[in-house]
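Read off the chains here:
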Amino acid sequence: MLSSQYPISKIKDIISAVGAIVSENSISVLLTDSRRITSATEALFFALSGRRNGHEFIAEAYAAGVRNFVVNHGPEIKMPGANILIVDDVLFALQKLAAFHRDSFKLQVIGITGSNGKTIVKEWLYQLMAADHNIVRNPKSYNSQIGVPLSLWQISDNNDLGIFEAGISTTGEMARLEAMIKPDIGILTHIGSAHDEGFESREQKVLEKLGLFKHCKLLIHNYDELINYSKDIPVKECFTWSQNFKEADLYVFSETIIAKNFYLRGRYKGSEIECLIPFLDKASFENAITCWATMLAMGYTPIEADKRIERLTPVSMRLELKTGVNNCSIIDDSYNSDIQSLEIALNFLSQQNQHQKKTLILSDIFQSGLEEDILYDKVADMIKVKKIDKFIGVGEALFNRQQYFDVPEKHFFADTATLLKHMNSLIFRDEDILIKGSRSFEFESVSRALVQKGHETVMEINLNTLLSNLNFYKSKLKPGVKLMAMVKAFSYGSGTFEVANMLQYNKVDYLAVAYVDEGVALRQGGITLPIMILNPEVTAFDKLEEYKLEPVIYSFGLFDDFIRYLQAAGLAKFPIHIKIDTGMHRIGFEDFEVETLCDLLEINNYVKVCSVFSHLAASEASQHDGFTLTQIQKFEKAYKQIEEALGYKVIKHLSNTAGITRWPNAQYDMVRLGIGLYGVDSATPEDESGLQPIASLKTSVSQVKKIVAGETVGYGRNGSLSKDGKIATVRIGYADGYLRAFGNGVGKLLVKGTLAPTVGNISMDTCVIDVSGIDVSEGDEVIIFNNELKIQELAKEINTIPYEILTNISQRVKRVYFYE
């Protein structure tokens, strides 16, 4: 929310809209998502068109109290009291308004772009300069064509410095971002392969990124990055850094590791200077040097820059969703707290449906640029809008403003230590809990107290990547085609509630699970979407009714059993789905049975057929395309017979993951998205699909030993080294899902960037790997699979499919969910 407001009539003029002003409202909030509405009476909703048409959600926003809309055509419903502003391009209108707002202020602006490191550099510069400036910046990584205008909208009279990152994925995008941000100082971070697919060449991508700086007075960059683009740099004054070229303004000529820090020595203005970077990874190293160069370029002394950089802390850009004590779900965002990221975290909390009760643990918010009374009044309003049931405030500012918060249950503590002393008396049970704190409050200790203790082997699941994969397949669908998401088998090992919540929030049309108990668990977890049960059991028919689950009927025996149940229960028109066997030959009515089925359906009032479907046996394989065509023909014949018998239309669906991309003409009314949602699609080449694996499986080293050649390792004495070397015992075994087939050198784990083969048999709880030549210590991280060591490679090692690898990860492996 802005401290200043715009009359809606003024906004109409700014964006050159047409349409009558029914009510002269004041606008302080810009909305692009009908699910994330705050301060509805002061909000302006932009009906953006992209993967989803924002015009379809105008009614939802209106019902939530929004009365101001920017659209490219009039709404189809009557909306009394609403101001409808009509423009040709809704996104351009949003950007035009943001540019006007940015131009209304005289603050200095830093613009950052690059392939990697933009968000880290932005957040670190905020840490480094917040003591001297009132800074406004993008929340998280809001650097897109939509994220940038929403970020710029935060600028207020209090700010004297803006730090905004700009991200692009293809040509023509940077000009629109530059026109809004208009940076005075530019920073170019590392140029890598990210989004290469959107450009004809790396050169084209670099030139597009340089477009952000065309009106800058100063550009800060790595000398090496632009050594071949000197004639293309649109800025007269540059400040450069390099490890290779002495002519750079900051020449870093020495790096030494001291107590888990990088100690750097450089030459600047003819003098030797030094800097201690509190990180050891390569990406942080380069990002920190960029910040060092920026501070020097902006007039900080080398001594002051060194002192501040030494105190840099890691940037947490993602929320972590974990299993908590007493059946709680914990959202851990315990490393940063500002009002923008609080709103993002509260939205994520609202998405969770595992529990009715919502709890927020919040620390004081620092460096907001607002007077404390105004700040905490806004916080209290956000908490009220999000219907928080229990609020725990920590810090002097919150402690002194307890009266601001109208919450059913509230507690306040002066500091974290006092909160921890009272944890047992607060009684956390069956709650979704958001932990949100400024770093100085050390809320990690609160998280540790509430998170269920578990196995050190962890499967990390990236919900943003899940959403990206979902949107990839949505982009392949014809207009009006529905999407059913398969969340059977614990969502292919990825976690049922958490994945289903994300899918429901992003408006898939149907979910499907294998068995009734899976559907019951989803309902108990707050999922309201229609749920199809692929394998209903006679003994669980009563649960279908109780939890509003829709069974698949695939045989006459099952049909008869279900009809008898419905008759006894006095039920009619119960929703069912009919499975046709067109060639998979597992379950389903065969083509010669369809006529008899139609006779039964024609005279039956106990059921209502929601859909008719079949399953493609080899949609991913071109050598079986003839067979797939036969399946399609059989399916079309069957559903036409059934619809004719019923006298009404049903949903038709045939395509699975591979079918969505390879057989667009077989999408019918709905498609079923399975393992593609989780980042695997055998029908689409990896470099063309845009898919990413959503899961990483990690564990750690429990012990390191030196052994001589010929000494045996593990059960059966099957393992040994051919020469003297070193082995590491790792905390994962076949009880965790790392199958025995990976033993004896078949499987390879990733340790410090190096593949280490297994030695001997896989045990129940551990396995042994050969780490000869690798600098390994107890506690070091070991990767079983991730974006680099892909799950498809593991499947090939033991001659299986990725499905089996994912679904074999046992429940004792802790799942941690990330959301940026």
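Just so we're clear, the structure is a prediction, and the values are computed from it rather than from any experiment.

A look at the pairing of strand S5 (residues 68-71)
Every other side chain in a regular strand lies on the same face of the sheet, so the side chains alternate between the two faces. Residue alternation in S5 divides its side chains into two sets, Asn 68 and Val 70 and Phe 69 and Val 71, and both sets are buried. Sheet topology places strand S4 (residues 43-46) next to S5; two bridges connect them, and they run parallel. Within the sheet, the bridge partner assigned to Phe 45 lies in S5 and is Phe 69. Summarising the sheet, S5 and strand S6 (residues 83-86) pair through four bridges and their orientation is parallel. If you follow Val 71 over to S6, its bridge partner there is Ile 86.

Digging into the packing of helix H22 (residues 594-602) against helix H23 (residues 625-646)
Relative orientation of the contacting elements H22 and H23 amounts to 25 degrees, with a least axis distance of 9 Å. For the element pair H22 / H23, the angle class is roughly parallel. The crossing of H22 and H23 is right-handed. Side by side, H22 and H23 meet where Val 594, Glu 595, Leu 597, Cys 598, Leu 601 and Glu 602 of the first sit next to Ala 638, Gln 641, Ile 642, Ala 645 and Leu 646 of the second. Looking at the contact of H22 with H23 residue by residue, the classes come out as eight nonpolar, one polar and two charged.

Observations concerning the packing of helix H10 (residues 339-351) against helix H11 (residues 372-385)
Direction vectors running N to C along H10 and H11 enclose 10 degrees, while the axes themselves pass 11 Å from each other. In terms of orientation, H10 lies roughly parallel with respect to H11. Note on element contacts: H11 touches H10 through Leu 375, Lys 378, Val 379 and Met 382, opposite Ile 339, Leu 342, Glu 343 and Leu 346. Split into classes, the residues belonging to the contact of H10 with H11 amount to six nonpolar, no polar and two charged.

Thoughts on a negative patch on the surface
A cluster of acidic side chains, namely Glu 595, Asp 599, Glu 602 and Glu 644, defines a negative patch on the protein surface. With three residues, H22 is the single largest residue contributor to the negative patch.

Points about the pattern of salt bridges
Per the counting criterion, the structure on display carries 32 salt bridges. Where Lys 217 meets Asp 184, a salt bridge forms, and the shortest distance between an N and an O atom there is 3.6 Å. Pair noted here: Lys 217 is in the loop between helix H7 (202-210) and strand S11 (218-222) and Asp 184 is in the loop between helix H6 (174-181) and strand S10 (185-188), with a separation of 33 residues, a long-range link. Take Lys 217: its relative accessible area is 58%, and that puts it in the exposed class. For Arg 662, the salt bridge identified is with Asp 625, shortest N-O distance 3.0 Å. Linking Arg 662 in helix H24 (residues 657-662) with Asp 625 in helix H23, this pair joins segments that are 37 residues apart in sequence. One salt-bridge network, held together by shared partners, links Lys 122, Glu 123, Arg 137 and Glu 165.

Side note on the pairing of strand S33 (residues 748-751)
Both S33 and strand S34 (residues 754-757) contribute to a ladder of four bridges, which runs antiparallel. Its bridge partner being in S34, Leu 750 is matched across the sheet by Leu 755. In this antiparallel pair of consecutive strands, S33 and S34, the connection spans two residues, and Lys 752 shows a positive phi of 50 degrees.

Considerations on the sheet that holds strand S12 (residues 237-242)
Sheet architecture is open: nine strands sit in the order S8-S9-S7-S10-S11-S12-S13-S14-S15, paired in mixed fashion. At either end of the open sheet lies a strand with only one pairing partner, and these are strand S8 (135-137) and strand S15 (271-277). Looking at each pair of strands side by side, their axes are set apart by 20 degrees on average, direction ignored. Bridge analysis of S8 against strand S9 (residues 161-165) gives three bridges, and the strand direction is parallel. Looking at S9, one finds that Ile 135 is bridged to Leu 161.

Overview of the environment of Ile 120
Residue position: Ile 120 is located in helix H4 (residues 118-129). Sequence-wise, Ile 120 and Lys 269 are 149 residues apart; in three dimensions their C-alpha atoms are separated by 27 Å.

Considerations on the sheet that holds S5
In space, the four strands of this open sheet follow the order S3-S4-S5-S6, with parallel pairing throughout. Both outer strands of the open sheet, strand S3 (29-31) and S6, are each paired with one neighbouring strand and no more. If you compare each strand with its neighbour and ignore which way they point, the axes differ by 20 degrees on average. Against the sheet, helix H3 (residues 90-103) touches S3, S4 and S5, its axis set at about 140 degrees to S4.

Focus: the environment of Gly 745
As for its placement among the helices and strands, Gly 745 is situated in the loop between strand S32 (725-730) and S33. For Gly 745 and Val 768, which are 23 residues apart along the polypeptide, the C-alpha to C-alpha distance reads 9.9 Å. Residues within four places of Gly 745 in sequence aside, it is in contact with Pro 757 and Thr 758.

Some remarks on helix H16 (residues 463-474)
For the α-helix, the turn length of 3.6 residues means that residues three or four positions removed from each other point alike. Between its terminal C-alpha atoms H16 stretches 16 Å, which fits the 16 Å expected from 12 residues at 1.5 Å a residue. Most of H16 sits inside the fold, with 10 of its 12 residues counted as buried. Listing the buried residues of H16 in full gives Leu 463, Thr 465, Leu 466, Leu 467, Asn 469, Leu 470, Asn 471, Phe 472, Tyr 473 and Lys 474. Sitting at the head of H16, Asn 462 places a side-chain oxygen 2.9 Å from the backbone nitrogen of Asn 464.

Considerations on the packing of aromatic side chains
Tallied over the entire structure, the rule returns 24 aromatic pairs. Note on Tyr 6 and Phe 100: the rings are 6.3 Å apart at their centroids and 70 degrees apart in plane angle, and the pair reads as edge-to-face. Remark: Phe 100 occurs in helix H3 and Tyr 6 occurs in strand S1 (residues 6-7); sequence separation between them is 94 residues. Considering the side-chain rings of Trp 124 and Phe 279, the 4.9 Å spacing of their centres and the 20 degrees angle between planes classify their relative orientation as stacked. With Trp 124 in helix H4 and Phe 279 in the loop between S15 and helix H8 (282-297), this pair connects stretches of sequence that are 155 residues apart. By relative accessible area, Phe 279 is classed as buried at 10%. In textbook terms, an aromatic cluster arises when at least three aromatic residues are bridged by ring pairs, as seen for Phe 541, Phe 562, Tyr 565 and Phe 574. A cation sits over an aromatic face here: Arg 67 above Tyr 62, 3.8 Å from the ring centre. The residue whose ring lies beneath Lys 608 is Tyr 648, and the NZ or CZ to ring-centre distance is 4.1 Å.

Conventions and cut-offs
- Residues numbered from 1 in each chain as written.
- Predicted model: local features only at pLDDT ≥ 70, side-chain atom pairs only at ≥ 80, totals over all residues.
- Heavy atoms only, no water.
- Buried < 20%, exposed > 50% of the residue type's maximum accessible area, 1.4 Å probe, protein only.
- Helix = DSSP H or I, 4+ residues; strand = E, 2+ residues; numbered from the N terminus.
- Pairing = 2+ DSSP bridges.
- Axes fitted to C-alpha atoms, helices over the stretch in contact; angles between N-to-C directions.
- Parallel < 35°, antiparallel > 145°, perpendicular 65-115°, else oblique.
- Left-handed = near helix turned anticlockwise from the far one by under 90°.
- Contact = heavy atoms within 4.5 Å.
- Nonpolar A, V, L, I, M, F, W, Y, C, P; charged D, E, K, R; others polar.
- Patch = residues over 30% accessible without salt bridge, like charges linked within 9 Å, V, L, I, M, F, W, Y side chains within 5 Å.
- Areas by Shrake-Rupley, 256 points an atom, 1.4 Å probe, with all protein chains shown as cover.
- Salt bridge = Lys/Arg side-chain N within 4 Å of Asp/Glu carboxyl O.
- Lys, Arg positive; Asp, Glu negative; His and termini not counted.
- Charge placed at Lys NZ, Arg CZ, Asp CG, Glu CD.
- Expected span 1.5 Å × (residues − 1).
- Polar contact = N/O pair within 3.5 Å; in protein donor to acceptor, adjacent residues only side chain to side chain.
- Phe/Tyr/Trp six-rings, centres within 6.5 Å; stacked < 30°, edge-to-face > 60°.
- Lys NZ or Arg CZ within 6 Å of the ring centre and 35° of its normal.

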